[in-house]
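Chains, contacts and geometry: an overview
Chain by chain, the residues run as shown.
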Amino acid sequence: MHHRARSLVRLLTAGAAALAVSALTVSPASAAGASSSCETTGAYGNADWTWLNGYTLLHVKLTSVDTSNDARIAGIRLYSLDYDGGSHDWPWRYNKRGAGKSQTWETTLQDKRGIDRVGVEVAAFSDAGYRSMCGSASVKNPTF
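Keep in mind that this is a model prediction, so the values were computed, not measured.

Here the focus is the nonpolar core. Membership of the largest hydrophobic core comes to 21 residues, with the highest contact counts inside it found for Trp49, Leu57 and Leu78. Contributing elements (two or more residues each) for this core: strand 1 (32-40), strand 2 (43-51), strand 3 (56-66), strand 4 (73-81), strand 7 (102-110) and strand 8 (117-126). Leave out the neighbours within four places in its chain, and leucine 57 touches Trp49, Thr50, Trp51, Leu78, Thr108, Leu109, Ile115 and Val118.

Pasting the structure below:
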């Protein structure tokens, strides 16, 4: 009888340990997804991403569409706000494919200052800079 009790304790202990380990693991299904977009004269942009935690965005997908036959280039970038209110403008991605065409980029973003909010900026660029620009409202990070 003593042998059975010891086996039962081992079984319950192993089960509890497995449950504890699985509770600490973050599955992709539990990560929070988000998206944002905006449109201005000559350009449209959309971004989708997954919040991993308070510092990292995974599966960032940026799409830029040139919506006008005006010899300008459509561009998109993300901006983020850290937990102290500071901002970070991420690099522009330029769609040089021409009117009616889209281009998509995929990346990961990480900021050691933290990422509290994220939004999108879209612009139609000429040689002199951007002609028109829009910015989306920022999306709050639900993981922090």
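Next comes the rest of the write-up.
Another point: the environment of aspartate 70. Mapped onto the secondary structure, aspartate 70 falls in the loop between strand 3 and strand 4. Given the relative accessible area of 17%, aspartate 70 is considered buried. Here the alpha-carbon distance between aspartate 70 and alanine 124, two residues 54 residues apart in the chain, equals 9.3 Å. In contact with aspartate 70, not counting residues within four places along its chain, are Gly42 and Arg131. Separated by 3.3 Å, the side chains of aspartate 70 and arginine 131 make a polar contact.

With that settled, the discussion passes to the state of the cysteines. Taken as a whole, this structure holds one disulfide when the rule is applied. Here cysteine 38 connects covalently by a disulfide to cysteine 134, the sulfurs 2.2 Å from one another. With the S-S bond torsion at 80°, the cross-link from cysteine 38 to cysteine 134 turns out right-handed. With cysteine 38 in strand 1 and cysteine 134 in strand 9 (residues 129-135), the pair connects residues that are 96 residues apart, well separated along the chain. Both residues of the pair, cysteine 38 and cysteine 134, belong to the buried class.

With that settled, the discussion passes to the pairing of strand 8. Of all ten residues in strand 8, eight are buried; the element is thus mostly enclosed. As defined by bridge partners, strand 8 adjoins strand 10 (residues 139-140) across two bridges and the pair is classed as antiparallel. By the bridge assignment for strand 10, arginine 117 is matched with lysine 140. Pairing of strand 8 with strand 9, which is carried by six bridges, proceeds in the antiparallel orientation. Paired with alanine 123 across the two strands is methionine 133, which belongs to strand 9. Hairpin connection from strand 8 to strand 9: two residues lie between these consecutive antiparallel strands.

Below, the discussion takes up the pairing of strand 4. Burial analysis of strand 4 places seven of its nine residues in the buried class, the great majority of the element. Both strand 4 and strand 8 contribute to a ladder of nine bridges, which runs antiparallel. Among the inter-strand pairings, glycine 75 is bridged to a residue of strand 8, identified as alanine 123. Sheet topology note: the strand 4/strand 6 (residues 93-95) ladder contains three bridges and is antiparallel. In the strand pairing of strand 6, alanine 74 is matched with asparagine 95. Note that strand 4 and strand 5 (residues 87-89) share three bridges and pair antiparallel. The partner of tyrosine 79 across the bridge, within strand 5, is aspartate 89. Remark: five residues form the turn of the hairpin made by strand 4 and strand 5, two consecutive strands paired antiparallel; glycine 85 in that turn has positive phi of roughly 90°.

What follows concerns the side chain of threonine 40. Along the chain, threonine 40 falls in strand 1. Beyond its immediate sequence surroundings of up to four residues, threonine 40 is in contact with Thr67, Val122, Ala123, Ala124, Ser132, Met133 and Cys134.

Criteria and thresholds
Residues numbered from 1 in each chain as written. Predicted model: local features only at pLDDT ≥ 70, side-chain atom pairs only at ≥ 80, totals over all residues. Heavy atoms only, no water. Core = buried A, V, L, I, M, F, W, Y, C linked by side-chain atoms within 4.5 Å. Buried < 20%, exposed > 50% of the residue type's maximum accessible area, 1.4 Å probe, protein only. Helix = DSSP H or I, 4+ residues; strand = E, 2+ residues; numbered from the N terminus. Contact = heavy atoms within 4.5 Å. Polar contact = N/O pair within 3.5 Å; in protein donor to acceptor, adjacent residues only side chain to side chain. Disulfide = S-S within 2.5 Å. Pairing = 2+ DSSP bridges.

The values reported here are purely geometric and, on their own, carry no functional implication.
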